[in-house]
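# Topology and contacts: notes
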Amino acid sequence: MLQQTQVQTVIPFYERFLRVFPTCDRLADAPFGKVAEMWSGLGYYRRARLLHLGAKKIVKDFEGRFPSTYHEARQIPGVGDYTARAVLSIAYGGAFAAVDGNGARIIARLDRSSGSVNQPAFRRAANLRLSELISARNPGDFNQSLMELGQTLCLPRAPQCSKCPLKKWCCAYRFGDPQDYPARRPARAAEPRNLAAAIIRKGDRVALVRGLEEGLLGDMWNFPAAFGQTRQEALERLGAKLEGITGSQLEFKPLEGTVRHRITFRSITVALYTATPGRMMPGSFRWVPITRVDHEAISQLARKIAAAACASKSCRQAPAMPR
Ligand code: SF4
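Here the structure is a predicted model, which is why all the values come from computation and not from measurement.

## Points about the site of the ligand
Taken together, 15 residues lie around the ligand, and Cys154, Cys161, Cys164, Cys170 and Pro178 are the ones closest in. The element contributing the most residues to the shell around the ligand is helix α7 (residues 101-111), with three residues. Taken together, the residues that form the shell around the ligand break down as 12 nonpolar, one polar and two charged.

In structure tokens:
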């Protein structure tokens, strides 16, 4: 949960998640829909999928306990080099240096080393350097101290060097240029994208589909939608997509207002439409009361669209689909 997400944000999700899935077995036995529902609001749902697959693997092959060797730990879905090292050092006292972004930043400043923390070669070098430094007696505490130092003092923009216990060994501090390390990776420019999204109603319920497009939000429920170079192209692609799903042509009516959302480098402008197909293929969609969409495992984007649709006068007045 902490990957890409801050501790304060994670805490309530973590506590709620553990109440529902207090053991690895309970998590492994649950249907993924339930796992995604409990993850809803945290984003990056691939993590939830991998956590679920990881729990299944641990129950099936390791008798419900996280394995204690690096080789076995890496067989678990979602457990990469960093996670394996962090868990093995903290849970089992293994002498593995675990270098996350914070650790890499600290090493870059201690040694004034060149390179960006996102470069694999830089990470490998940082791992090697920390392997020389790691405490053989308390490797878990060593790794956690480094993580903590990176979160509290050795901050990316304003390092608090005067309070830092490492300052007498830190080259960047000595040279007075810690902000210059590590080198920054140029950010990918935001790409503007148009998305057309359909609010298809059946009484007070709306239609949801799995995933969005371009492999995005694959585990989440979303309003049917399509990308396009222009607003018109997005609408045409949405019409074709829904015709493929329902077997009938749809009539779209635009809703006032637009929704803006960002997914990685995509800066998305969403145009909303109500759609009333003549007939429906059974099972084409998942039907959910629009006022309860929030209770489903939906994406943040779908959450924004639902809020905009609920606020839209023309959507509230639109004739409901026959049940
Ligand atoms: S002295 Fe400053 S730059 Fe060096 S490790 Fe400490 S906080 Fe980071």
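Right, picking up where we left off after that structure.
## Digging into the domain arrangement of the protein
Once the domains are mapped, the protein shows domain 1 (7-180) and domain 2 (191-317). For domain 1 and domain 2, the distance between their C-alpha centroids amounts to 36 Å. Facing nine residues of domain 1, the contacting portion of domain 2 comprises seven residues. The set of elements that each furnish at least two residues to the side of domain 1 that touches domain 2 consists of α3 (32-39) and α4 (46-61). Residue contributions to the side of domain 1 that touches domain 2 peak at four residues, all from α3. Across the side of domain 1 that touches domain 2, the residue classes tally to four nonpolar, three polar and two charged.

## Here we look at the packing of α3 against α4
Packing of α3 against α4 leaves a shortest axis separation of 10 Å and a crossing angle of 135°. Between α3 and α4, the angle is such that the two are oblique. Where α3 crosses over α4, the two elements pack in a sense that is right-handed. Within the contact between the two elements, α3 uses Phe32, Val35, Ala36 and Trp39 and α4 uses Ala48, Arg49 and His52. A breakdown of the residues in the contact of α3 with α4 according to their chemical character gives five nonpolar, one polar and one charged.

Rules of the game
- Residues numbered from 1 in each chain as written.
- Predicted model: local features only at pLDDT ≥ 70, side-chain atom pairs only at ≥ 80, totals over all residues.
- Near = placed C-beta within 6 Å.
- Helix = DSSP H or I, 4+ residues; strand = E, 2+ residues; numbered from the N terminus.
- Nonpolar A, V, L, I, M, F, W, Y, C, P; charged D, E, K, R; others polar.
- Domains from an automatic or database assignment.
- Contact = placed C-beta atoms within 7 Å.
- Axes fitted to C-alpha atoms, helices over the stretch in contact; angles between N-to-C directions.
- Parallel < 35°, antiparallel > 145°, perpendicular 65-115°, else oblique.
- Left-handed = near helix turned anticlockwise from the far one by under 90°.

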